[in-house]
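Fold and contact review
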Amino acid sequence: KQWYQRRVRALETGVRDYQVNVVDTNNRVLLERWLVHTTADLPVVSRTYDLPLSRSLVPTTKQISFVNPYTTERVFKLKTNRPELLSFRDNLLSVPSKQSVNIGLVLSPLAMSNFNYIMVFVNDVQQKCEECFAVRIT
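Let me begin by describing the structure that accompanies this report. (Residues numbered from 1 in each chain as written. Predicted model: local features only at pLDDT ≥ 70, side-chain atom pairs only at ≥ 80, totals over all residues. Heavy atoms only, no water.)

**Comments concerning the overall build of the protein**
- Scanning the protein from terminus to terminus reveals zero helices and 10 strands.
- Ordered by position in the sequence, the α and β elements of the protein form the string β-β-β-β-β-β-β-β-β-β.
- Taken against the 2.2 N^0.38 rule, which gives 14 Å for 138 residues, the C-alpha radius of gyration of the protein at 19 Å runs more than 25% over that of a compact globule.
- Its C-alpha atoms give the protein principal-axis dimensions of roughly 55 × 40 × 25 Å.
- Across the 138 residues that make up the protein, the buried fraction comes to 28%.
- Surface summary for the protein: the accessible area is close to 9,800 Å², and the carbon and sulfur share equals 49%.
- Taken together, the 18 basic and 12 acidic charged side chains of the protein have centroids lying 2 Å from each other. (Helix = DSSP H or I, 4+ residues; strand = E, 2+ residues; numbered from the N terminus. Rg over C-alpha atoms; globule rule 2.2 N^0.38 Å. Buried < 20%, exposed > 50% of the residue type's maximum accessible area, 1.4 Å probe, protein only. Areas by Shrake-Rupley, 256 points an atom, 1.4 Å probe, with all protein chains shown as cover. Lys, Arg positive; Asp, Glu negative; His and termini not counted. Charge placed at Lys NZ, Arg CZ, Asp CG, Glu CD.)

**Some points on the pairing of strand E5 (residues 74-80)**
- Sheet topology places E5 next to strand E7 (residues 92-95); four bridges connect them, and they run antiparallel. Within E7, the residue paired with Arg-74 across the bridge is Val-95.
- Examined bridge by bridge, E5 and strand E9 (residues 118-123) share four bridges and lie antiparallel to one another. In the sheet register, Leu-78 faces E9, and the bridge partner there is Val-122. (Pairing = 2+ DSSP bridges.)

**With respect to the pattern of salt bridges**
- Tallied over the entire structure, the rule returns two salt bridges.
- In this structure, Asp-50 engages Arg-136 in a salt bridge whose closest nitrogen and oxygen atoms are separated by 2.5 Å. Pair noted here: Asp-50 is in strand E3 (residues 47-51) and Arg-136 is in strand E10 (residues 129-137), with a separation of 86 residues, a long-range link.
- Take Asp-50: its relative accessible area is 41%, and that puts it in the partly exposed class.
- The shortest N-O distance in the salt bridge between Arg-82 and Glu-84 comes to 2.4 Å.
- Overall, Glu-84 belongs to the partly exposed group, its relative accessible area being 41%. (Salt bridge = Lys/Arg side-chain N within 4 Å of Asp/Glu carboxyl O.)

**Some details on the packing of aromatic side chains**
- This model, assessed by the stated rule, comprises three aromatic pairs.
- Judged by centre distance (6.5 Å) and plane angle (70°), the rings of Phe-66 and Phe-133 are edge-to-face. Taken as a pair, Phe-66 in strand E4 (residues 60-67) and Phe-133 in strand E10 lie far apart in primary sequence, 67 residues in all. Just as Phe-66 is buried, Phe-133 falls in that class too.
- Joined through ring pairs, the aromatic side chains of Tyr-49, Phe-66, Phe-76 and Phe-133 make up one cluster.
- Geometry around Tyr-70 places Arg-74 over its ring, the cationic atom sitting 3.8 Å from the centre. (Phe/Tyr/Trp six-rings, centres within 6.5 Å; stacked < 30°, edge-to-face > 60°. Lys NZ or Arg CZ within 6 Å of the ring centre and 35° of its normal.)

**Examining the nonpolar core**
- Formed by 22 residues in total, the largest nonpolar core has its most connected members in Phe-66, Leu-93, Ile-103, Leu-105 and Phe-133.
- Of all the elements in the fold, those that place two or more residues in this core are E3, E4, E5, strand E6 (86-88), E7, strand E8 (100-107), E9 and E10.
- When residues in this core are grouped by element, the largest group, four residues, is from E8. (Core = buried A, V, L, I, M, F, W, Y, C linked by side-chain atoms within 4.5 Å.)

**A word on unusual backbone geometry**
- Not every positive phi belongs to a glycine, and Arg-28 is a case in point at roughly 55°.
- Here Arg-28 lies in the loop between strand E1 (14-24) and strand E2 (29-40).
- On the accessibility criterion, Arg-28 (76% relative accessible area) is exposed.
- With a phi close to 60°, Lys-98 is a non-glycine residue in the positive phi region.
- Following the sequence through the fold, Lys-98 ends up in the loop between E7 and E8.

So, in structure tokens, the structure goes:
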């Protein structure tokens with residue numbers, strides 16, 4: 001028996017169902033069908049940043065800080081739940097042991113719309129969430 005393994009990364013909280021079909025592509029025959037039921041909750045928000053933005057038609061850059069809590073240098077991957085509103089100057093951070101670095105944020109002019117929070121996920125190299133920040137546009 002073969003195993004089919006997939007990782008689902010939700011960008012929004014809530015319940016969602018996915019239909020997974022396994023098809024023999026040579027004969028175009030459906031071999032298996034599964035319904036995958038998922039529930040996604042936000043990780044614990046460790047810090048909230050209030051970022052004032054002036055109305056502009058060009059992207060705005062801001063910085064927030066992050067401290068590597070480990071005793072060894074680590075690489076972290078940055079993700080957001082709103083990639084159309086927020087991007088990162090660098091998607092990867094290499095942070096020395098117990099050191100602080102600035103995360104460069106690039107905020108779209110659309111971020112001035114009525115969005116309450118934009119989430120910033122600091123993940124390890126296996127994509128496990130290490131820390132979660134909330135960015136509130138003011």
